[in-house]
Amino acid sequence: MKRIVDNSKQNIIGEKIKEARIKAGMSQQMLSNKLELMAVYTCRGSISRIETGNRMITDIEIDAISKILNVSLDYLFGRE
């Protein structure tokens, strides 16, 4: 099945992830390492692409990132 993308962004939460990561004083590599401890294997480069909106993000990654950064899903989706 062909994927339909109507704009250049692949996700809508990347900017919020970057904001929360920086506020937590964490580098992309540190976030990647913590994700790995939760058996969510996302390399530093993938985190960079997620933050810039150039990569899709799975629900498993979203859940783990929200737990690691101690932010709500509503925050990541801009609902609070």
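Our subject is the structure listed above.
Here's what I pulled together on the structure shown here. Counting restarts for each chain, with residues numbered from 1 along the sequence as it is written. In keeping with the model being predicted, local features are shown solely for residues with a pLDDT of at least 70 and side-chain atom pairs are shown and tallied solely at 80 or more, while totals for entire chains, interfaces and linings include all residues. Side-chain figures throughout are based on the complete set of non-hydrogen atoms in the structure, without hydrogens or water.

Thoughts on the overall build of the protein
Reasoning step 1: Helix and strand assignments come from DSSP, with helices taken as H or I runs of at least 4 residues and strands as E runs of at least 2, each series counted from the N terminus. When its secondary structure is counted, the protein shows five helices and zero strands.
Reasoning step 2: Each helix and strand of the protein, placed in order from N terminus to C terminus, yields the pattern α-α-α-α-α.
Reasoning step 3: The C-alpha radius of gyration of the protein comes to 12 Å, within 12% of the 12 Å expected for a compact globule of 80 residues.
Reasoning step 4: Principal axes of the C-alpha set define a box for the protein whose edges measure 35 × 30 × 20 Å.
Reasoning step 5: Within the protein, the fraction of its 80 residues that count as buried is 38%.
Reasoning step 6: Residue contacts are defined here by distance: any two heavy atoms, one from each residue, within 4.5 Å place the two residues in contact. Sequence-distant contacts, at least 24 apart, represent 56% of the contacts inside the protein between residues at least 6 apart. Radius of gyration here is computed from C-alpha atoms only, and the compact-globule reference equals 2.2 Å multiplied by the residue count raised to the power 0.38. Residue exposure (1.4 Å probe, protein chains only): buried if accessible area is under 20% of the type maximum, exposed if over 50%, otherwise partly exposed.

Brief notes about helix α1 (residues 14-23)
Reasoning step 1: Looking only at α1, the buried set comprises G14, I17, A20 and R21. The buried residues of α1 occupy an angular sector of 130 degrees when projected down its axis, which confines them to one face. Exposed positions of α1 whose direction lies more than 90 degrees from the buried face are E15, I22 and K23.
Reasoning step 2: Once α1 ends, the next one or two residues include G25, with phi positive near 70 degrees. This arc corresponds to the set of directions leading from the helix axis out to the C-beta atoms.

Digging into the environment of D63
Reasoning step 1: Mapped onto the secondary structure, D63 falls in helix α4 (residues 59-69).
Reasoning step 2: On a C-alpha basis, the gap between D63 and I22 in space is 18 Å, while along the polypeptide they are 41 residues apart.
Reasoning step 3: At 3.0 Å, the side chain of D63 forms a polar contact with the side chain of K67. Pairs of N or O atoms are called polar contacts if they sit within 3.5 Å, as long as, within protein, a hydrogen donor faces a hydrogen acceptor (for residues adjacent in sequence, only side-chain-to-side-chain pairs).

Brief notes about the pattern of salt bridges
It is possible for side chains bearing opposite charge to pair when their charged atoms get close.
Reasoning step 1: The term salt bridge refers to a side-chain nitrogen of Lys or Arg lying within 4 Å of a carboxyl oxygen of Asp or Glu. Enumeration over the complete set of coordinates arrives at six salt bridges.
Reasoning step 2: One salt bridge in this structure joins E61 and R55, with 2.9 Å as the shortest N-O distance.
Reasoning step 3: With relative accessibility at 5%, the residue E61 sits in the buried group.
Reasoning step 4: For R55, a relative accessible area of 22% corresponds to the partly exposed category.

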